[in-house]
Amino acid sequence: MDTGTQGETGRPRWVGLPGGLRRIRRLLLVIWTVPLTAATGVSLGLAFGPGWAACGALWLVVLGWGWVLVGRNWRSWRYAERTDDLLISRGVLWREETVVPYGRMQLVEVTSGPLERRFGLASVQLHTAAAATDAKIPGLAPAEAERLRDRLTALGEARSAGL
């Protein structure tokens, strides 16, 4: 599989995340806001009257706003494999781009929690000597996460041989 650029003059080929991460985050948003809507509405209705129960709908506004924000955040995550380093870009308001040189990688691990496993996702965590350059790529398909781990480990070993 050909990844990254074909030289330092080309632009990197960015790869976005699959939709599973967005689905998990939206599910968690619904799981938290719907019960909060009911609890707020019932408690205010019983304490102050039925007119105040409508204030529980504020959580539905939070749900709608969060739904949009989760989609925007998911679209902002991307990564690119280049000849000498891995680029990871994320963020909507505060864009953050992390460059991790292959030769500086000390550990590449694939993790998958119970909810991620349920949705068929995994995360790749990159560790370097400098804690500031540690990076994570969440929400990958397990096969892609393992491929990326194996490729980054091989490139890291090859680049660090001269150190």
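Residues numbered from 1 in each chain as written. Predicted model: local features only at pLDDT ≥ 70, side-chain atom pairs only at ≥ 80, totals over all residues. Heavy atoms only, no water.

**Q** Whenever I open this one, the environment of Leu 87 confuses me. Can you help?
**A** Within the secondary structure, Leu 87 is located in strand S3 (residues 85-90). Assessed through its relative accessible area of 3%, Leu 87 is described here as buried. Counting along the chain gives 66 residues from Leu 87 to Leu 21, while the straight-line C-alpha distance between them is 19 Å. The contact partners of Leu 87, leaving out residues within four places of it in the chain, are Pro 12, Trp 14, Arg 78, Tyr 79, Ala 80, Arg 82, Glu 97, Thr 98 and Val 99. (Helix = DSSP H or I, 4+ residues; strand = E, 2+ residues; numbered from the N terminus. Buried < 20%, exposed > 50% of the residue type's maximum accessible area, 1.4 Å probe, protein only. Contact = heavy atoms within 4.5 Å.)

**Q** What should I look at first to understand the pairing of strand S2 (residues 78-81) in this one?
**A** Side-chain positions along a regular strand alternate between the two faces of the sheet. In terms of strand pairing, strand S1 (residues 15-16) meets S2 through two bridges, oriented antiparallel. If you follow Val 15 over to S2, its bridge partner there is Tyr 79. (Pairing = 2+ DSSP bridges.)

**Q** Even after reading the chapter, I still don't get helix H1 (residues 20-48), so can you show me in this structure?
**A** Each turn of an α-helix holds 3.6 residues, which means side chains three or four residues apart point in the same direction. Between its first and last C-alpha atoms H1 spans 42 Å; for 29 residues at 1.5 Å apiece the expected length is 42 Å, and the two agree. Those residues of H1 lying buried are Gly 20, Leu 21, Ile 24, Arg 26, Leu 29, Thr 33, Thr 37 and Gly 41. Taken together, the buried residues of H1 touch helix H2 (50-53), helix H3 (58-76), helix H4 (114-118) and strand S7 (135-140). (Expected span 1.5 Å × (residues − 1).)

**Q** What should I look at first to understand the sheet that holds S7 in this one?
**A** Pairing is antiparallel across the open sheet formed by three strands, whose spatial order is S5-S6-S7. Each end of this open sheet is capped by a strand with a single partner; those strands are strand S5 (105-111) and S7. Between one strand and the next, the sheet's axes are offset by a mean angle of 15°, whatever the strand orientation. Here helix H5 (residues 142-160) sits on the sheet in contact with S5, strand S6 (122-128) and S7, set at roughly 165° to S5. (Axes fitted to C-alpha atoms, helices over the stretch in contact; angles between N-to-C directions.)

**Q** Sorry, what's going on with the pattern of salt bridges here?
**A** Side chains that carry opposite charge are capable of pairing whenever their charged atoms lie near each other. Tallied over the full model, the rule gives six salt bridges. The salt bridge involving Arg 147 is made with Glu 81; its shortest N-O contact spans 2.9 Å. With Arg 147 in helix H5 and Glu 81 in strand S2, this residue pair connects regions lying 66 residues apart in the sequence. Take Arg 147: its relative accessible area is 22%, and that puts it in the partly exposed class. Among the salt bridges present, the one from Arg 149 reaches Asp 150, with a minimum N-O distance of 3.2 Å. Counted as one network, the salt bridges with shared partners bring together Glu 81, Glu 144, Arg 147 and Arg 151. (Salt bridge = Lys/Arg side-chain N within 4 Å of Asp/Glu carboxyl O.)

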